[in-house]
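Read off the chains here:
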Amino acid sequence: MENLKFNEPILVTRPLLPPIEEYEEKLNEIWENRWITNNGPIEREFQEKLKEFLSVDNIELFVNGHSSLEVAIKALNLTGEVITTPFTFASTIQAIVNNGLTPVFADVDKEYYNLNPDNIEELITDKTSAIMPVHVFGNPCDVDKIEKIAKKHDLKVIYDAAHAFGVKINDNPIASYGDISMFSFHATKVFNTIEGGALIYDDPELEYKFKSIKNFGITPDKEEIQFLGINAKMNEFEAAMGLINLNHIEEAIAKRKIIYEKYLECLSGLENEGVIKVLRPMKNVDYNYSYFTVKLNTFEEKNHLFEKLPEYNVYAKRYFYPPCNEFPAYDFDKNTPIAKNISDTILSLPLYLDLTVEDIEKICKIIEYELK
Ligand SMILES: Cc1ncc(COP(=O)(O)O)c(C=O)c1O
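This structure is a prediction, so every number in the text was calculated from the model and none was measured.

**Here's the deal with the domain arrangement of the protein**
So, point 1. Per the domain assignment, the segments of the protein are domain 1 (20-246) and domain 2 (249-371).
So, point 2. Taking the mean C-alpha position of each, domain 1 and domain 2 sit 25 Å from one another.
So, point 3. If you look at the interface, domain 1 gives 39 residues, while domain 2 gives 35 residues.
So, point 4. For the domain 1 and domain 2 pair, buried surface summed over both sides reaches about 3,300 Å², with 67% attributable to carbon and sulfur atoms.
So, point 5. When the area that domain 1 buries against domain 2 is broken down by residue, the three leading residues are Tyr-113, Phe-137 and Val-190, summing to 21%.
So, point 6. On inspection of domain 1 and its partner domain 2, the count reaches 0 salt bridges.

**Remarks on the packing of helix α2 (residues 41-54) against helix α7 (residues 236-246)**
The relative placement of two packed helices is expressed as an angle between their axes plus a distance between the axes.
So, point 1. Their axes nearest at 8 Å, the elements α2 and α7 cross at an angle of 35°. Here the hand of the crossing between α2 and α7 comes out left-handed. Only Glu-236, Ala-239, Ala-240, Gly-242, Leu-243 and Leu-246 of α7 make contact with α2, whose side of the interface consists of Pro-41, Ile-42, Glu-43, Glu-45, Phe-46, Lys-49, Leu-50 and Phe-53.
So, point 2. Taken together, the residues of the contact of α2 with α7 sort by class into 9 nonpolar, 1 polar and 4 charged.

**Brief notes about the site of the ligand**
So, point 1. Among the 17 residues in the neighbourhood of the ligand, the closest are listed as Gly-65, His-66, Asp-160, Ser-184 and Lys-189.
So, point 2. Contact between the ligand and His-66: an oxygen atom at 2.7 Å from a main-chain N or O atom of the residue.
So, point 3. Measuring from an oxygen atom of the ligand, one finds a side-chain N or O atom of Lys-189 at 3.1 Å.
So, point 4. When the ligand is considered free in solution it has 380 Å² of accessible area, and contact with the protein chains removes 93% of it.

**Details of the side chain of Ser-68**
So, point 1. Counting through the fold element by element, Ser-68 comes out in helix α3 (residues 65-75).
So, point 2. With residues near it in sequence (within four places) discarded, Ser-68 still touches Phe-62, Met-182, Ala-198 and Leu-199.

**A look at the sheet that holds strand β10 (residues 276-278)**
So, point 1. Pairing is antiparallel in the open sheet, where 3 strands are placed in the order β10-β12-β13. The outermost strands of the open sheet, each flanked by one partner alone, are β10 and β13 (346-349). Between one strand axis and the next, the sheet turns through 30° on average, direction left out of account.
So, point 2. As defined by bridge partners, strand β12 (residues 292-296) adjoins β13 across 4 bridges and the pair is classed as antiparallel.

**Side note on the pairing of β12**
So, point 1. Of all the 5 residues making up β12, 5 are buried; the element is thus mostly covered by neighbouring parts of the structure.
So, point 2. Neither face of β12 is exposed, since Phe-292, Val-294 and Leu-296 on one face and Thr-293 and Lys-295 on the opposite face are all buried.
So, point 3. Summarising the sheet, β10 and β12 pair through 3 bridges and their orientation is antiparallel. Its bridge partner lying in β12, Val-278 is registered against Val-294.

**Overview of the packing of aromatic side chains**
So, point 1. On inspection of all chains with the given rule, the structure shows 29 aromatic pairs.
So, point 2. With centroids separated by 5.5 Å and ring planes inclined at 65°, the aromatic side chains of Phe-165 and Phe-183 adopt a geometry described as edge-to-face. Of the two residues, Phe-165 sits in the loop between β5 (156-160) and β6 (168-169) while Phe-183 sits in strand β8 (residues 180-184), which places them 18 residues apart along the sequence.
So, point 3. Given a relative accessible area of 1%, Phe-183 falls into the buried group.
So, point 4. Ring geometry for Tyr-330 versus Phe-332: centroids 4.8 Å apart, planes at 20°, classification stacked.
So, point 5. The class for Tyr-330 is partly exposed, based on a relative accessible area of 22%.
So, point 6. On the basis of relative accessibility, which here comes to 13%, the residue Phe-332 falls in the buried class.
So, point 7. Each residue in the set Phe-87, Phe-89, Tyr-113, Phe-137, Tyr-291, Tyr-319 and Phe-320 is aromatic and connected to the rest through ring pairs, giving one cluster.
So, point 8. Sitting above the plane of the Tyr-321 ring, Lys-302 keeps its charged end 4.4 Å from the centroid.
So, point 9. Between Lys-362 and the ring centre of Phe-6, over which it is positioned, the NZ or CZ distance is 4.4 Å.

Cut-offs used in this document
- Residues numbered from 1 in each chain as written.
- Predicted model: local features only at pLDDT ≥ 70, side-chain atom pairs only at ≥ 80, totals over all residues.
- Heavy atoms only, no water.
- Domains from an automatic or database assignment.
- Contact = heavy atoms within 4.5 Å.
- Buried area = accessible area lost by both parts, 1.4 Å probe.
- Salt bridge = Lys/Arg side-chain N within 4 Å of Asp/Glu carboxyl O.
- Axes fitted to C-alpha atoms, helices over the stretch in contact; angles between N-to-C directions.
- Helix = DSSP H or I, 4+ residues; strand = E, 2+ residues; numbered from the N terminus.
- Left-handed = near helix turned anticlockwise from the far one by under 90°.
- Nonpolar A, V, L, I, M, F, W, Y, C, P; charged D, E, K, R; others polar.
- Near = heavy atom within 4 Å.
- Polar contact = N/O pair within 3.5 Å; in protein donor to acceptor, adjacent residues only side chain to side chain.
- Areas by Shrake-Rupley, 256 points an atom, 1.4 Å probe, with all protein chains shown as cover.
- Pairing = 2+ DSSP bridges.
- Buried < 20%, exposed > 50% of the residue type's maximum accessible area, 1.4 Å probe, protein only.
- Phe/Tyr/Trp six-rings, centres within 6.5 Å; stacked < 30°, edge-to-face > 60°.
- Lys NZ or Arg CZ within 6 Å of the ring centre and 35° of its normal.

This is the structure in structure tokens:
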């Protein structure tokens, strides 16, 4: 058999980095301005460009996605219980718990792994104040059904859209749904600002709260502490990276689509035989090709592949594993069998811009060899 081992490690992701000269130009600006954080000029420029790019009216920028989620919860004065999904990154749940609230877990849907709206209503109590769904791997939740339930029970909706930058549903920006949506601009995401995050929202009154809470609760006009806050401000180095990466993001998503489709082609044999199932973009959605995830049939098959790939210098990620209601750090209700099954059997394969067609063919040959 041919040698399928890669000389250099193929990691699950690598960050989108612009040509260094473009970043240097912006660094020069920072040095001239002598303004490196606290609502700097580059942050404001980035904010305006981002509004335009995403076709939304209101955006607040943050040092990372997680702290923006925490600020969102504080700004909406949520109390009691928040209905959410166990199939997410630790951040979603920790944002709820760190605010003194209780996450209540609804099971997910089998096909797209998002919170299943049909499981929400039975969990609503007089303590429920919000629903916090996640657009898992960039595929949108059933926003219409969720909105209907929220309206009926007078609940707030915060979407964790960490994976969904640039996604549209029937041409509508994904962040236009719910009271607030959060994007993560972490290095591993489709679009990065090194670390970073944003809240997109409808109610313009939230701006004052966001600006205060992300700066220790200090109000931007009176400089009084009217809110309990944290330090979650985006800095100028992050904003500069964002501003430049914005010029490259459309090309990056187009390349990711090519990589995604090459994987699909190379893995079609295994898929037709029922050995794996690839997560597809939803219909009527402009997708961002943020992840390439495959679902195996059993926990053992998933583990076999996960453990064998590094022998070829290829690294997949068990994302998300385990489901958040099984974290040893907490004692949560674990009654979400679909999320458990997905978490036990899913792997994210390497997907980043420098991957070549030959790399993907080789990765798929390895997978085929190991699963047959
Ligand atoms: C679903 C989800 N929520 C929240 C976060 C937190 O974002 P950040 O890393 O920017 O703090 C991440 C990613 O890291 C994520 O994947």
